[in-house]
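Residues per chain are reported as follows:
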Amino acid sequence: MIEILISVILISAIAMSGFRRARMLNRGFALQSLTIALLCLAKGYQTGEYHYYILFLLTLITKVVIIPLIISRSMVHSKLERETDMILSGSWSYIVTGIAVALSFIFLGNFSDYLFRVGCILIITGAILMMGRKKAITQMIGLLTMENGVVLFEISMVKMGSIIEFGIVFEMLILAMIMGIMIFNINKTFDTLNTDYLSNLKE
Amino acid sequence: MKYVIYIIQSLMLLLLTPLFMGIIKNLKASIRGYEACPVLQPYYNIAKLFEKGRVLSKSSSIITLIAPTLCLCACVTAAFMVPVFFNDGNPFVGNLFIIIFLLGIVKFFITLTGLDSASAFGGMGSSRELFISMIAEPVMFLTVAFLYMETKSLNIFAINTAVAGMAGFDVANCIAAMGFAVLLVAENARMPVDNPETHLELTMIHEAMILDTSGRDLALMELSSWIKLMVFVTIFINCFFPMGMTGAVAFVPVILSFIAYILKVLVILAVISLVECSMAKFRLFRVPELLSAAFSLSLVAIVINFF
């Protein structure tokens, strides 16, 4: 069961790296978070430790419901439908992501734990998503994907208290809120979400 | 006795193919809320087409005369090389490369037919088909490489036995299955790549190439493309989800395995028709993006399996 969930996370990470439409990216992020929540549930059922259930509930509430709502609200405000000129476009971003995932699997070959490796891979794919896009919303989704990777890291470590889980989840929630406000302000000031224009701030 | 079952299973695959196509049409109609045609309609269509004569273009050569028969022959041979619902792990046919190249013969002769009638549409369709298959071929071979690394065999019967012997699902197997599913859609001209039900100019890839064939030729071409789809579906099932496959030469296990096969095919057909009803066709130049996603999925599957 855990292996199917891990493969869903990997497939969603690779598929999200090439999506153009922000709505599809948002749905992909929600699916990825839902899979991570189910992974927590499965881990909790396997080990019988209660803090996995807490993480499951927190992930379900914040990352599957609240954060996608925030993203879609800021999409409605900024009228962003799709990204037309990306730095890494279309098929290249798929291939770069595929090669990056393969390389990180090779370099992390010493770790037998899948969750650890997949956490690393989510961080790398989130970074690629952030580097390859220009619009602020898609970069925000990239950052949130990296945070998903951090959660997977945290699950793969054995001895960690609930306090760190609370920390990660609420940090992410506040991050998403702040970025939603920032995106609203960027859009109001520049009439676009293209982050290239941010360098116009120079005097 | 087991050779009889081997022959019977492939014959069942060939005989049931138009029925599966009718089921796809029915499912799509019921999803869209249309009134569906009868499930057996493809059989009637084929029978009607076989009664009609052929009309040939003045500029067509011997290719148009022989290509439909050759396509059907290649497809039928490929159908006899895959395990359908019975496999006792003692293979004498079924090298994956032979199956791939047999299906490549079909593609080659269909594209030649499109060029041969000297119409503008046919050439356009041929060029598009080869453009797509040029990008689809690396994915196919990466998937074969993955199957070889996973099971240390290139024979589909041995692969099927080895995958059925594995406990549970593997991460690499699931990811490679996803990549192969994209490939299945692209190779068989289904929806995100090509719309199989219109003759509209913008969407034509497969239909453009067989636009100038008629009567008996058209029946053979349609049959061979249907059989090609079902052979791909059978390879998909047998290489990635071989649950319920039997190797025992007895009546009850074979019937149970047959029912399991039918159920798995129905699930895949339902997924295909759901995708076809819910997605718009991609622009032609966005198809490489889809296939490069499949490429990186198969690459990742190989690496996960190896390290």
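Quick caveat, the model's predicted, so the values are computed rather than measured. (Residues numbered from 1 in each chain as written. Chains lettered and ligands numbered in written order. Predicted model: local features only at pLDDT ≥ 70, side-chain atom pairs only at ≥ 80, totals over all residues. Heavy atoms only, no water.)

1. Some thoughts on the interface of chain A and chain B
Formally: Residue contacts follow a heavy-atom distance rule, with two residues in contact if any of their heavy atoms lie within 4.5 Å. When two parts are put together, the accessible area they lose, computed with a 1.4 Å probe and summed over both, is reported as buried area. Between Lys or Arg on one side and Asp or Glu on the other, a salt bridge is scored when a side-chain nitrogen of the former is within 4 Å of a carboxyl oxygen of the latter. We define a polar contact as two N or O atoms separated by no more than 3.5 Å, with the added condition that, inside protein, one atom must be a possible hydrogen donor and the other a possible acceptor, whereas residues neighbouring each other in sequence contribute only through side-chain atom pairs. Helix and strand labels come from DSSP, where a helix needs a run of H or I of at least four residues and a strand needs a run of E of at least two; each type is numbered from the N terminus. Residue polarity follows a fixed list, in which Ala, Val, Leu, Ile, Met, Phe, Trp, Tyr, Cys and Pro are nonpolar, Asp, Glu, Lys and Arg are charged, and the others, Gly among them, are polar.
Tallying the contact residues gives 21 residues for chain A and 19 residues for chain B. Note on chain A versus chain B: buried area summed over both sides is about 1800 Å², and carbon and sulfur give 76% of it. Three residues, Glu3, Ile11 and Tyr94 of chain A, lead the burial of chain A against chain B; their summed loss comes to 24% of the area buried on that side. Among the salt bridges present, the one from Arg20 of chain A reaches Glu289 of chain B, with a minimum N-O distance of 3.1 Å. Linking chain A to chain B there are one residue pair in polar contact (both at pLDDT 80 or more). Contributions of two or more residues to the side of chain A that touches chain B are made by α1 (2-16), α4 (90-107) and α5 (114-132) of chain A. Considering each element in turn, the side of chain A that touches chain B owes the most residues, ten residues, to α4 of chain A. Split into classes, the residues belonging to the side of chain A that touches chain B amount to 13 nonpolar, five polar and three charged.

2. Concerning the packing of helix α1 (residues 2-32) of chain B against helix α9 (residues 215-240) of chain B
All names here are of chain B. Going by this rule: Axis lines are fitted to C-alpha atoms, over the contacting stretch for helices. Their N-to-C directions set the angle, which ranges from 0 to 180 degrees. By definition in this entry, angles of less than 35 degrees are roughly parallel, angles greater than 145 are roughly antiparallel, angles of 65 to 115 are roughly perpendicular, and the rest are oblique.
Two elements in contact, α1 and α9, have axes whose closest approach is 9 Å; the angle formed by their N-to-C orientations is 100°. For the element pair α1 / α9, the angle class is roughly perpendicular. Across the interface between the two elements, Leu13, Leu14, Thr17, Pro18, Phe20 and Met21 from α1 touch Leu223, Trp226, Ile227, Leu229, Met230, Val231 and Thr234 from α9. When its residues are assigned to classes, the contact of α1 with α9 shows eleven nonpolar, two polar and no charged.

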